[in-house]
Amino acid sequence: CREASGWALATVTPRLRELTLSGATLVTDAGVGAVARACTGLRQIALRQCRSISDAALATLAAHCASLTALDVARCGVVTDRGVSKLAAGCSQLASLQLEGHADVTDASLHALAAGCPKLSLLNLWVCSNVTDAGVAALAQACPNLTSLDVRLCSKVGAVAVSALAAHCPSLTALYTERAGPVDDEAVVRLAAGCPRLALLDLGMQDNLTDAALLAVAERCSQLRSLSVAYCKQLTDAGVSTLVAACPQLSTLDLNNCTLLTQTTLEAIAAHCPRLQSLDLGGQPGSGQRLATDAGLLELAAACHGLRSLNIRYCSDVSAEAVERIKDLLCANVQVRQ
């Protein structure tokens, strides 16, 4: 509904509870205001990539929709601390908030959410580059029901924030830290101990991590279904093999540019990951990626019948013939990136 406008929104039914307008380029603050005033029982509204939406829309929702539980304003116009603070003050039932892409959101927003939204369970701060460890720590302490947090590309959020989540958010099931601030083994050890329900963990490009982090996750987080350790170049076969053996529900695994891994890891995946659907073994030119071989990949394809996505870019030891045999084994449904 890219062409929905404020005029159309002004005629919505007062009984409306959920509204999705993501990508609707003509929706403005005025249109959202019309909805908020007419539909005071609104529970969920998605405005992702509505470029004309700003703090004014958040303020109007806060003033009229006290029952709001979910708001998506990812990559909208200009959303700042002012709008988020008003939202937090007026919508105490808020459980899900998508703020992706708003660099003007700082710790002030996180403190406001900590004070006003104790039921918050999902928060997306991807590319909110001005939030810090202190803000995330305050939020974690005030929102113990947090289950999902995305701090990718938040360079000021790192080990301190992860340790705070471990201490205060035992129900955490999803954490994304790719290209965030540095996260070390000690923080991951604490995370695994404090958040044993983790199902999705993204540690991509955290190049301080060693096998110690994976061993902790293997010991505590048996429900893990998705793991990214892309570009974690200190990991070895021992750490990854132990983890896959302990986490049989793994369906997504990203080992891109983990240059110390060998076919031993591939054999462990084949032996212990029957539910695997997506596997990234890719490298980059000159990376020395030794993980993927013809024999290893054929063994994997024979064991992991549900595999649908396989990245073997720049894996020079894999032949075109092996790729075709893999496709045959997997009924040609697999997407192989070479």
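Residues numbered from 1 in each chain as written. Predicted model: local features only at pLDDT ≥ 70, side-chain atom pairs only at ≥ 80, totals over all residues. Heavy atoms only, no water.

**Some points on the overall build of the protein**
Within the protein one finds 13 helices and 13 strands. Here the protein has a C-alpha radius of gyration of 22 Å; the compact-globule value for 338 residues is 20 Å, and the two agree. Oriented by its inertia axes, the alpha-carbon framework of the protein measures out at about 65 × 40 × 30 Å. For the protein, the residues scored as buried account for 55% of the 338 residues in total. Within the protein, counting contacts between residues at least 6 apart in sequence, those at least 24 apart form 79% of the total. Where the 26 positive side-chain charges of the protein centre and where its 29 negative ones centre are 10 Å apart. (Helix = DSSP H or I, 4+ residues; strand = E, 2+ residues; numbered from the N terminus. Rg over C-alpha atoms; globule rule 2.2 N^0.38 Å. Buried < 20%, exposed > 50% of the residue type's maximum accessible area, 1.4 Å probe, protein only. Contact = heavy atoms within 4.5 Å. Lys, Arg positive; Asp, Glu negative; His and termini not counted. Charge placed at Lys NZ, Arg CZ, Asp CG, Glu CD.)

**Things to note about the packing of aromatic side chains**
Two aromatic rings, taken as a pair, are described by how far apart their centres are and by the angle between their planes. If you walk through the whole model with that rule in mind, you get zero aromatic pairs. The ring of W126 carries the charged tip of R75 above its face, separated from the ring centre by 5.7 Å. (Phe/Tyr/Trp six-rings, centres within 6.5 Å; stacked < 30°, edge-to-face > 60°. Lys NZ or Arg CZ within 6 Å of the ring centre and 35° of its normal.)

**What to know about the packing of helix α6 (residues 133-142) against helix α7 (residues 159-168)**
Across the interface, α6 lies against α7 with an axial gap of 8 Å and an inter-helix angle of 5°. By the criterion of interaxial angle, the relationship of α6 to α7 is roughly parallel. Residues D133, V136, A137, A140 and Q141 of α6 form the contact with α7, whose participating residues are V160, A161, A164, L165 and H168. A per-class count over the contact of α6 with α7 returns seven nonpolar, two polar and one charged. (Axes fitted to C-alpha atoms, helices over the stretch in contact; angles between N-to-C directions. Parallel < 35°, antiparallel > 145°, perpendicular 65-115°, else oblique. Nonpolar A, V, L, I, M, F, W, Y, C, P; charged D, E, K, R; others polar.)

**Here's the deal with the packing of helix α2 (residues 29-38) against helix α3 (residues 55-64)**
Describing two packed helices takes the angle between their axes plus the distance from one axis to the other. At their nearest, the axes of α2 and α3 sit 9 Å apart, and the two run at 5° to each other. By the angle between their axes, α2 is roughly parallel relative to α3. From α2, D29, V32, G33, A36 and R37 reach across to α3, where they touch A56, A57, T60, L61 and H64. For the contact of α2 with α3, the per-class residue count stands at five nonpolar, three polar and two charged.

**With respect to α7**
Extensive coverage of α7 is indicated by the burial of seven of its ten residues. Along α7, the residues that are buried comprise A159, A161, V162, S163, A164, L165 and A166. Tucked into the core, α7 has its buried residues touching α6, β6 (148-150), β7 (174-176) and α8 (185-194).

**Re helix α10 (residues 237-246)**
Among all positions of α10, only D237, G239, V240, S241, L243 and V244 are buried. Among the structural elements, α9 (211-220), β9 (226-228), β10 (252-254) and α11 (263-272) are those in contact with the buried residues of α10.

**Looking at the environment of L260**
Among the structural elements, L260 can be located in the loop between β10 and α11. The partly exposed category is assigned to L260, whose relative accessible area is 41%. Each C-alpha atom, one on L260 and one on L291, is 8.1 Å from the other, the two residues being 31 residues apart in sequence. Not counting chain neighbours up to four residues away, the residues in contact with L260 comprise K233, Q234, L235, T236 and R290.

**Remarks on the pattern of salt bridges**
Side chains that differ in sign of charge can pair as their charged atoms come close. Applying the stated criterion to the full structure yields five salt bridges. We note a salt bridge from E100 to R75, for which the minimum N-O separation is 2.6 Å. Taken as a pair, E100 in the loop between β4 (96-98) and α5 (107-116) and R75 in the loop between β3 (70-72) and α4 (81-90) lie far apart in primary sequence, 25 residues in all. Owing to a relative accessible area of 6%, E100 belongs among the buried residues under this scheme. (Salt bridge = Lys/Arg side-chain N within 4 Å of Asp/Glu carboxyl O.)

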